[in-house]
Every structure is written in structure tokens, then in C-alpha cells.
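Remarks on the overall topology
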Amino acid sequence: MVITGGSAGVGRAAARAFAGAGADIALLARGEERLEDAQREIEALGRRALAISVDVGFADQVERAAQQIEKTLGPIDIWVNNAMASVFSPVSEMGEDEYRRVTDVTYLGAVYGTMAALRRMKARDRGVIVQVGSALAMRSIPLQSAYCAAKHAMRGFTTSLRSELIHDGSKVRVVMVHMPALNTPQFGWMKSRLPDRAQPVPPIYQPEVAANAILYAATHDVGREILVGLPTVKAVVGNKVAPGFLDRYLAAHGFDDQQTDEPEVAGRPDNLWKPVAGNQAAHGAFDNRAHGSSFEFWLRVNRRALFLAGLGVAGAAAIATTLARKRRRHSAFSLPTLSRR
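Quick summary incoming for the structure in this document. Residue positions within a chain follow its written sequence, with the count starting from 1. Local features in this predicted model are restricted to residues whose pLDDT is 70 or higher, and side-chain atom pairs enter the listing and the counts only when it is 80 or higher, whereas totals over whole chains, interfaces and linings include all residues. In computing side-chain values, all of the structure's heavy atoms are included and hydrogens and water are not.

Between Pro 202 and Pro 203 the backbone carries a cis peptide bond, its omega angle lying at 0°. A helix here means a DSSP run of H or I that spans at least four residues, while a strand means a run of E at least two residues long, and both kinds are numbered starting from the N terminus. Note that Pro 203 resides in the loop between β9 (196–198) and β10 (204–205). Even without glycine at this site, Asp 125 takes up a positive phi of about 55°. The class of Asp 125 is partly exposed, set by a relative accessible area of 29%. You will see that Leu 143, though not glycine, has its phi angle at about 75°, which is positive. Relative to the assigned elements, Leu 143 resides in the loop between β6 (128–134) and α5 (145–168). For every residue, the accessible area (1.4 Å probe, protein chains only) is compared with the maximum for its type, and the residue is labelled buried under 20%, exposed over 50%, or partly exposed between those bounds.

As C-alpha cells, this is what we get:
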């Protein structure tokens, strides 16, 4: 399998999850130091790994990587588009080049990855493409207009592609996995104009929650999309029911909720144009506030078993009710007989 943005955050956690499930992994990202460390991690799990330094905002780099992957590891079965970039900033302070860069990485990077995968999967009539989406693909928030727009675009692109695959009778499957707020290193290295340090909007989940959802979506026929975490479900439903109310709510709370109480470090490096040095792995700085599981996703995964269990309970209750009725009828019949004795 291939995962873009595979050297840190959700990508790093997903690479471990797939390796644990028996896959050989191709890791695509820019930072060579983190890529090499991620490759060693996969190999320590007993799987083959191939780390390729790629900027997914350039289609030719993505295509060359796909060629190298198939030559080295073999046919690509699963491609996960996970790479992203963002800027914390009001629209009025954004630059045109910043919008273009976030779009190139977060949206067009997914397009280029999908196209590279399709060139190989359609000819074999098999394969899975997983688009790592977000609750922000369906409900935008302030201060991340470029990222929200790119995730909306990814969803629109994927919906069009899905219809085309159905029309062609293709067995290639494409699915989106929409994430809640996650504890990844991105909040320490994304470009920011906020006065205080950026944070994911609570409640926060560990990247392994996202990784398990991606693995499940890639290995099970889950339909069109998966919503991970109750906050994602609430955002989607709330935006359908009361979008105007959410506009006003986010205007009042969306600025403070995306910042900690600590002031931002002036002039710190960011990863918009080039990777930040260091060997950050999957987790960010919010371990003490992050949930390691999602009850909502557990229900999603186990809904069939729960449904069957519910049928079993209902059946047992029906049997018990029938037996109780029979006992009552028997008692009603036998009491007069005893009284005659």
C-alpha cells in the first residue's frame, strides 16, 4: 500500500497499522529524516518498506514515485491520499501564494495520487483508493479557509470519480474517511498568524483512531464514506439542520477554540514550503488531552454484530414472554381443578 504524508501524524500511524496487518508499505513525504525513520519502523515490524521523498503538489513527482513503487514492491493494492498543508490565518491576511500552496498539496495532491493509482488499478480492475477527509470537508470553520476549501474540493472530486467508476463497471473502490480533531505534530509546524499557539478543536483523538479507521475502510466494503468520531457526526448533522446557527456559533467560539493559552513563538519555522527539521512521529503535543478510541467508530465497525445480538435478545425476550403466557394460562386452568378437590 501507498500512503502520502506517511512520515508523521496520521500517515505514520496508518503505516504502522497496515504493516501490522501484513502489508508492504510505500511512504511518500518530503522530510527525508522522518521518512528514513518511518521506513526503519516498518521494517522492524517485519514488512518491506520504501521511502520516497516526494512533494505531492507536483504530478510528475507522484507519477515517478508510483513507477518506482511498482518496480520495487509490486502492484499497488491500496493508495491512501493523506498529505496535507494548512495555514492558520484570517482570509484578509492570507496571500494568494498561500492559497495556491495549500490547494496544491491538500487537494491537487490527492488528485495526482488518485490519477497515479487509477492508471494501474483500472487496468487490473482491482484496488482501493482511500481519501483522508475531514469534518471540515462538510462544515468549514474560521481561520482555516484554505484547508477547508481543499477538503471540500477533495470530496467533490471523489464523488465525481465514484460515479465514473460505477458507470465503467470498475471494481476499483474509492472511499472517504472523515476525521475529527487529531493529536498530530501539524499544530506545531503549520504556518500560523494566530497570537497564541494553535490546537485541534476539542475533543481531541489520537492518530491511531484515524489509522484504524483508514485500515478498516481499505479492507472492508464500507460504502461511500466513514465519519470518525461523534464530533464529526455532530458537525455534519448540525450543518444540515442549522448552518446559520453554526456560522454564528463559530464566529463566537471558533477563534478561541483553535488556540491554547500559550503565546505563539515568533518566527518559528513552518512546513508550508519546505519540511521542518526534526524527527516528529505520529503524536503531537496533546497526549494528555487526547482520546485513544472512538465509541462512535466502534459502533460503526460492530453494527452488524450488535444488530444480530439485538435480534437474539429480542428473540429470547419473545420466547420468555410466550412461556410466561403459557404458564399463566396453565395456572388459570389448574386452580379451579384444585379447588374442587
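That was the structure; now back to the text.
On to the pattern of salt bridges, then. Salt bridge, as used here: a side-chain nitrogen of Lys or Arg that lies within 4 Å of a carboxyl oxygen of Asp or Glu. With the rule as written, the count across this model stands at 20 salt bridges. We note a salt bridge from Arg 101 to Asp 55, for which the minimum N-O separation is 3.0 Å. Of the two residues, Arg 101 sits in helix α4 (residues 96–124) while Asp 55 sits in the loop between β3 (49–53) and α3 (59–72), which places them 46 residues apart along the sequence. Here Asp 55 falls in the buried class, since its relative accessible area comes to 13%.

Our next topic: the packing of aromatic side chains. Between rings of Phe, Tyr and Trp, where Trp is taken as its six-membered ring, a pair exists when centres lie within 6.5 Å; planes separated by under 30 degrees are stacked, by over 60 edge-to-face, and by other angles tilted. This structure, assessed with the given rule, holds six aromatic pairs. On the numbers, 5.8 Å between centres and 15° between planes, the contact of Phe 295 with Trp 298 is stacked. Of the two residues, Phe 295 and Trp 298 are both situated in helix α10 (residues 295–301); the distance of three residues between them amounts to about one turn of the helix. Using a relative accessible area of 42% as the deciding quantity, one classes Trp 298 as partly exposed. Pairwise contacts between aromatic rings join Phe 88, Phe 187 and Phe 286 into one cluster.

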